[in-house]
Amino acid sequence: MKRKREMEKESEIQSAIEELSMLIQLKTSDNHDKIGPTMAVLRQDINQNVERIELQCDSDPSLYSNLVEILKKEADEGNARKGTSCSKAFVWLTRSLDFTVALLQRLVKNPDQEMEEAVKDSYNITLKPWHGWISSAAYRVALKLIPDTKSFINLLKPKDENTETLIEDMETFISLLVPILEEIHPTLTLYRLDKLKST
C-alpha cells in the first residue's frame, strides 16, 4: 500500500527509471495512462507482450529460466515467427522500446519540438520499416490523437516538478535502457528475428 502511494507521486519516467535500475542491479505502475490514446495503445501492446512472455516463463520455470531459452525452443520447433509466439512478442516489445527511446531522445534534444513531428521521426526509424499496410494505417490514425508537446510534457511530470528535472529523468531513463537494448538486438539477429514484419 505504501509503495502504491509512493508510485502515484512519481512521474511515469521516474517509475520506469526505478524499475530499470532494479533490473540492472539484479542483472541476470499503478499509474493510469494520462498521455493520450495513442500512447495508451502503445503501452497496452507492451503490456500484452510482457504478459505473454511471463506466462510462458511461469508455465515451467525450470525449463524457461531465461528468455533466451524460450527463443531457442521456439526457433528449434519452427514456431518463432508464428501467431502469438513469445519470440514475436519479444521482437515487438523491443521495437516498442526502441521507439520510446527515439522519441525521448528527440524531446530531450528539443523539448519544444512538435509532438507530431517527434513521433513521426521516431516511428520512421524504429517501427515503420517493420510495419505492413494494416499497422501503418493504424499508426496514421493514432497520429491524429497525439497530444501537443506541452500537454505531453505536463502529463509526464508530477505537478511540482519542473521541465528541467523531467528532462534529466528522461536522460537517466535513456541511459539505463539503451545498454539493455544493445544487448537484445544481437540476440534477435542470432535467432533470425530481426527482420520480422507485421501485417
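Values in this document were obtained by computation on a predicted structure and should not be read as measured data. (Residues numbered from 1 in each chain as written. Predicted model: local features only at pLDDT ≥ 70, side-chain atom pairs only at ≥ 80, totals over all residues. Heavy atoms only, no water.)

Peer 1: Lay out the overall build of the protein chain in plain terms, naming residues and giving numbers.
Peer 2: Regarding its fold elements, the protein chain presents nine helices and zero strands. Each helix (α) and strand (β) of the protein chain, taken in turn from the N terminus, gives the series α-α-α-α-α-α-α-α-α. Across the 199 residues in the protein chain, those meeting the buried criterion constitute 41%. Here the protein chain has roughly 11,800 Å² of accessible surface; of this, 55% comes from carbon and sulfur atoms. (Helix = DSSP H or I, 4+ residues; strand = E, 2+ residues; numbered from the N terminus. Buried < 20%, exposed > 50% of the residue type's maximum accessible area, 1.4 Å probe, protein only. Areas by Shrake-Rupley, 256 points an atom, 1.4 Å probe, with all protein chains shown as cover.)

Peer 1: I'd like to hear about the pattern of salt bridges, residue by residue, with values.
Peer 2: A complete count under the given rule lists four salt bridges for this structure. Of the charged contacts in the structure, one is a salt bridge between Lys-72 and Asp-76, with a shortest N-O distance of 3.2 Å. Here Lys-72 and its partner Asp-76 are both found in helix α4 (residues 67–77), four residues apart, which amounts to about one turn of the helix. Glu-116 is paired through a salt bridge with Lys-120; the nearest N and O atoms lie 3.5 Å apart. Of this pair, Glu-116 and Lys-120 both sit in helix α6 (residues 115–126), four residues apart, which is roughly one turn of the helix. Lys-120 gets classed as partly exposed once you look at its relative accessible area, which sits at 35%. (Salt bridge = Lys/Arg side-chain N within 4 Å of Asp/Glu carboxyl O.)

Peer 1: So what's going on with the confidence of the model for the protein chain? Which residues, and what values?
Peer 2: Residues with a pLDDT of 70 or more make up 79% of the protein chain, whose mean pLDDT is 82. Below a pLDDT of 50 lies the segment residues 1–7, which in the model reaches eight contacts outside its immediate sequence neighbourhood of four places, other chains included. pLDDT under 50 marks residues 26–32. Its contacts with residues more than four places away, or in other chains, come to 13 contacts. (pLDDT = per-residue confidence, 0-100. Contact = heavy atoms within 4.5 Å.)

Peer 1: Tell me about the side chain of Ser-136, and please be specific about residues and values.
Peer 2: Checked against the element boundaries, Ser-136 lands in helix α7 (residues 133–143). Given the relative accessible area of 13%, Ser-136 is considered buried. Leave out the neighbours within four places in its chain, and Ser-136 touches Tyr-123 and His-131.

Peer 1: Requested: an account of the packing of helix α5 (residues 86–109) against helix α9 (residues 163–190), with residues and values cited.
Peer 2: Between α5 and α9, the least distance of the axes is 9 Å, while the angle of their chain directions is 145°. When you trace α5 past α9, the crossing you get is left-handed. When α5 is examined against α9, the residues Phe-90, Val-91, Thr-94, Leu-97, Asp-98, Thr-100, Val-101, Leu-104, Gln-105, Leu-107 and Val-108 are found in contact with a partner set consisting of Ile-167, Met-170, Glu-171, Phe-173, Ile-174, Leu-177, Val-178, Leu-181, Ile-184, His-185 and Leu-188. (Axes fitted to C-alpha atoms, helices over the stretch in contact; angles between N-to-C directions. Left-handed = near helix turned anticlockwise from the far one by under 90°.)

Peer 1: Describe α6, and please don't skip the residues or the numbers.
Peer 2: When the terminal C-alpha atoms of α6 are compared, their 16 Å separation across twelve residues agrees well with the 16 Å that a helix rising 1.5 Å per residue should span. All buried positions along α6 are accounted for by Met-115, Ala-118, Val-119, Ser-122, Tyr-123 and Thr-126. Burial along α6 is one-sided: seen end-on, the buried residues are contained in an arc of 125°. (Expected span 1.5 Å × (residues − 1). Arc of directions from axis to C-beta.)

Peer 1: So what's going on with the packing of aromatic side chains? Residues and values would help.
Peer 2: One pass over the full model with this rule turns up one aromatic pair. A centroid spacing of 3.5 Å and a plane angle of 0° characterise the contact between Tyr-123 and Tyr-139, whose relative ring orientation is stacked. One end of the pair, Tyr-123, is in helix α6; the other, Tyr-139, is in helix α7, and 16 residues separate them in sequence. Taken as a pair, Tyr-123 and Tyr-139 share a single burial class, namely buried. Its guanidinium or amino end placed over the ring of Trp-92, Arg-95 lies 4.7 Å from that ring's centre, counting from NZ or CZ. (Phe/Tyr/Trp six-rings, centres within 6.5 Å; stacked < 30°, edge-to-face > 60°. Lys NZ or Arg CZ within 6 Å of the ring centre and 35° of its normal.)

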